Amino acid sequence: MTKALKTLRAVQWSMLASIVLYGIVGEVVGPAARGVDATLSYLFATLSVAIVGVIFVVRRTLVLRAAESLATRPEDSLSLNHWRTGYIATYALCEALALFGLILRFRASPVQASVPYYLGGFVLLLFFRPRPPASV
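Predicted model only: the values in this text are computed from it and were never measured.

Caption draft 1: Highlighting the pattern of salt bridges. Considering all chains together, one arrives at two salt bridges under this definition. A salt bridge links Glu 27 to Arg 105; the nearest nitrogen and oxygen atoms lie 2.9 Å apart. With Glu 27 in helix α1 (residues 2-28) and Arg 105 in helix α3 (residues 77-106), the pair connects residues that are 78 residues apart, well separated along the chain. Note on Glu 27: relative accessible area 40%, which makes it partly exposed. Relative accessible area serves as the criterion here: at 4%, Arg 105 is assigned to the buried category.

Following this line, the structure appears as structure tokens:
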């Protein structure tokens, strides 16, 4: 359990660092801002709402159920795998939100259009930090 928790924390921190790098790379390498592509902006906004919904479903179906099982039986490897997989899937979905911001920047959107996606992914990653199952 301790090893899985340390691994998840390392994954979380590396993904947080990558979101910061997305912001830096988007500003340094990205083209000069010309305007927001309305279609792409609407598409990403819709996908972002769907992704946040999927994050909560994944947390409820994988993480929380596995955490309940691990609280009573910490040696259950199947529950541990579900718990770990739930966190990694959650982190991947949060990272996808930040990638939307990077894509917008490379499509010459202004910084103001990208920042909500960077912040959304970053804040959700911070919010869903891995917790030992006994405390859930």
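Here the narrative resumes, following the displayed structure.
Caption draft 2: Spatial organisation of the packing of helix α2 (residues 38-72) against α3. The geometry of α2 relative to α3 is characterised by a closest axis approach of 8 Å and an angle of 165° between their N-to-C directions. Between α2 and α3, the interaxial angle falls into the category roughly antiparallel. As α2 runs across α3, the sense of the crossing is left-handed. Counted by class, the contact of α2 with α3 contains 24 nonpolar, seven polar and one charged residues.

Caption draft 3: Structural detail: the nonpolar core. Of all hydrophobic cores here, the largest spans 31 residues; its most connected members are Trp 83 and Leu 125. Secondary structure elements with two or more residues in this core: α1, α2, α3 and α4 (111-127). The element that contributes the greatest number of residues to this core is α3, accounting for 11 residues. The residues touching Leu 125, leaving out its near neighbours within four places in the chain, are Gln 12, Met 15, Leu 16, Ile 19, Tyr 91, Cys 94 and Glu 95.

Caption draft 4: Summary view of a nonpolar patch on the surface. Taken together, the side chains of Val 20, Leu 21, Ile 24, Val 25, Val 28, Val 29 and Phe 106 make up a nonpolar region of the molecular surface, amounting to roughly 630 Å² of accessible area. Among the elements that line the nonpolar patch, the one with the most residues is α1, at five residues.

Caption draft 5: Just α4, in detail. Here α4 is 17 residues long and its end C-alpha atoms lie 24 Å apart, about the 24 Å a rise of 1.5 Å per residue gives. Tucked inside the fold, the buried residues of α4 contact α1, α2 and α3.

Caption draft 6: Just α2, in detail. Over its 35 residues, α2 extends 50 Å from the first C-alpha to the last, a length consistent with the 51 Å expected when each residue adds 1.5 Å. If you look at α2, its biggest bend is around 35°, right at Arg 59. On its buried side, α2 packs onto α3 and α4.

Caption draft 7: Seen up close, the packing of aromatic side chains. Applying the stated criterion across every chain, the model contains seven aromatic pairs. Look at Phe 44 and Phe 100: their rings are 4.5 Å apart centre to centre, the planes differ by 10°, and that puts the pair in the stacked class. Here the residue Phe 44 occupies a position in helix α2, and Phe 100 occupies one in helix α3, the gap between them amounting to 56 residues. Take Phe 44 and Phe 100: they sit in the same class, and that class is buried. Both rings, one in Phe 127 and one in Phe 128, keep their centres 5.0 Å apart while their planes meet at 70°; by these two values the pair is edge-to-face. Three or more aromatic residues joined by ring pairs make a cluster, and in this case those are Phe 44, Phe 100 and Tyr 117.

Scoring rules and cut-offs
Residues numbered from 1 in each chain as written. Predicted model: local features only at pLDDT ≥ 70, side-chain atom pairs only at ≥ 80, totals over all residues. Heavy atoms only, no water. Salt bridge = Lys/Arg side-chain N within 4 Å of Asp/Glu carboxyl O. Helix = DSSP H or I, 4+ residues; strand = E, 2+ residues; numbered from the N terminus. Buried < 20%, exposed > 50% of the residue type's maximum accessible area, 1.4 Å probe, protein only. Axes fitted to C-alpha atoms, helices over the stretch in contact; angles between N-to-C directions. Parallel < 35°, antiparallel > 145°, perpendicular 65-115°, else oblique. Left-handed = near helix turned anticlockwise from the far one by under 90°. Nonpolar A, V, L, I, M, F, W, Y, C, P; charged D, E, K, R; others polar. Core = buried A, V, L, I, M, F, W, Y, C linked by side-chain atoms within 4.5 Å. Contact = heavy atoms within 4.5 Å. Patch = residues over 30% accessible without salt bridge, like charges linked within 9 Å, V, L, I, M, F, W, Y side chains within 5 Å. Areas by Shrake-Rupley, 256 points an atom, 1.4 Å probe, with all protein chains shown as cover. Expected span 1.5 Å × (residues − 1). Bend = angle between axes of the 7 residues up to and from the residue. Phe/Tyr/Trp six-rings, centres within 6.5 Å; stacked < 30°, edge-to-face > 60°.

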